[in-house]
Amino acid sequence: MKGPGTQLKGRAARLAQVLPAGNSSAARTPFVLLVVLLLGGGLIALLLLNSALSEGSFRLTDLKKRTTDLTDEQQALQRDVDDLSAPYALERRARELGMVPGGSPAFLDPDGTVRGAPGAAPTAPGAQPSAQSAPQPPAAPSVEPSAGPSAEPFARPSVLAETSPSPVPASGTPAPTTPGR
């Protein structure tokens, strides 16, 4: 080793002249602080990013659970609607309300002829006939067999005698109308 009294020669001497002869730690301090601040800022930014992603993940999980719950509820409600709209359920509910299957329908052709024989609906067991539903006289027999659609279980009975503008005689041809009626 060279002692403190030895002189530097050649290249080392030239470098010694360029570099400061004193303590060089003062020149390194701002650089070290800059590096520490950059690393610290990067770690804090990474921590914040990780927290935001975790929060989004929890929110996504909650929304998926809520979607599943709402889908289950929607399916249960649809099942209830399907059960209540089934034919047997409609018939049971109609009977509970006092409705009865409709009587035989009658149809009025465009030329005024009546197809079928209208009849009153049968009364429900235990129901009292009202004053409005007085028994109707039997209708005239039809000229042709009924070609209309089949009667549905709870269709409203057609009463042509009350709604027809002119009475239909037994012959099946419309009666002449009188002025003033």
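Residues numbered from 1 in each chain as written. Predicted model: local features only at pLDDT ≥ 70, side-chain atom pairs only at ≥ 80, totals over all residues. Heavy atoms only, no water.

J.: Got a minute to help me understand the overall build of the protein chain in this structure?
T.: Helix and strand content of the protein chain: four helices and two strands. Listing every helix and strand of the protein chain by position from the N terminus yields α-α-α-β-β-α. In the protein chain, which comprises 181 residues, the proportion classed as buried is 8%. Sequence-distant contacts in the protein chain: of pairs separated by 6 or more residues, those separated by 24 or more amount to 54%. Total accessible area on the protein chain stands at roughly 15,400 Å², and carbon and sulfur atoms take up 63% of it. (Helix = DSSP H or I, 4+ residues; strand = E, 2+ residues; numbered from the N terminus. Buried < 20%, exposed > 50% of the residue type's maximum accessible area, 1.4 Å probe, protein only. Contact = heavy atoms within 4.5 Å. Areas by Shrake-Rupley, 256 points an atom, 1.4 Å probe, with all protein chains shown as cover.)

J.: I would appreciate a short explanation of the pattern of salt bridges in the present structure.
T.: Any two side chains of opposite charge can pair, so long as their charged atoms come close to each other. By the definition in use, this model includes five salt bridges. The partner of Asp-69 in a salt bridge is Lys-65, with the nearest N and O atoms 3.3 Å apart. In this pair, Asp-69 and Lys-65 are both assigned in helix α2 (residues 25–84), four residues apart and thus about one turn of the helix distant. For Asp-69, a relative accessible area of 40% gives the class partly exposed. For the salt bridge of Arg-92 with Glu-96, the shortest nitrogen-to-oxygen distance reads 3.0 Å. Here Arg-92 pairs with Glu-96, and both are found in helix α3 (residues 87–96), just four residues apart, close to one helical turn. Arg-92 gets classed as partly exposed once you look at its relative accessible area, which sits at 46%. Overall, the relative accessible area of 49% leaves Glu-96 in the partly exposed class. A single network of salt bridges, built from pairs that share partners, joins Arg-92, Arg-93 and Glu-96. (Salt bridge = Lys/Arg side-chain N within 4 Å of Asp/Glu carboxyl O.)

J.: Just checking my understanding: could you explain a nonpolar patch on the surface for this structure?
T.: A surface patch of nonpolar side chains, about 470 Å² in accessible area, is lined by Phe-31, Val-32, Val-35, Val-36 and Leu-39. Turning to its location among the elements, Leu-39 is positioned in helix α2. Its relative accessible area of 57% is what places Leu-39 among the exposed residues. (Patch = residues over 30% accessible without salt bridge, like charges linked within 9 Å, V, L, I, M, F, W, Y side chains within 5 Å.)

J.: Can you walk me through the confidence of the model for the protein chain in this structure?
T.: Should the pLDDT be low somewhere, the predicted coordinates at that spot are not to be read in detail. When the pLDDT values of the protein chain are averaged, the result is 75; 60% of them are 70 or greater. Confidence drops under pLDDT 50 across residues 131–135; counting only partners more than four residues distant or on other chains, this segment forms zero contacts. Confidence drops under a pLDDT of 50 for residues 141–172, and excluding neighbours within four residues, the segment shows 47 contacts in the predicted structure. (pLDDT = per-residue confidence, 0-100.)

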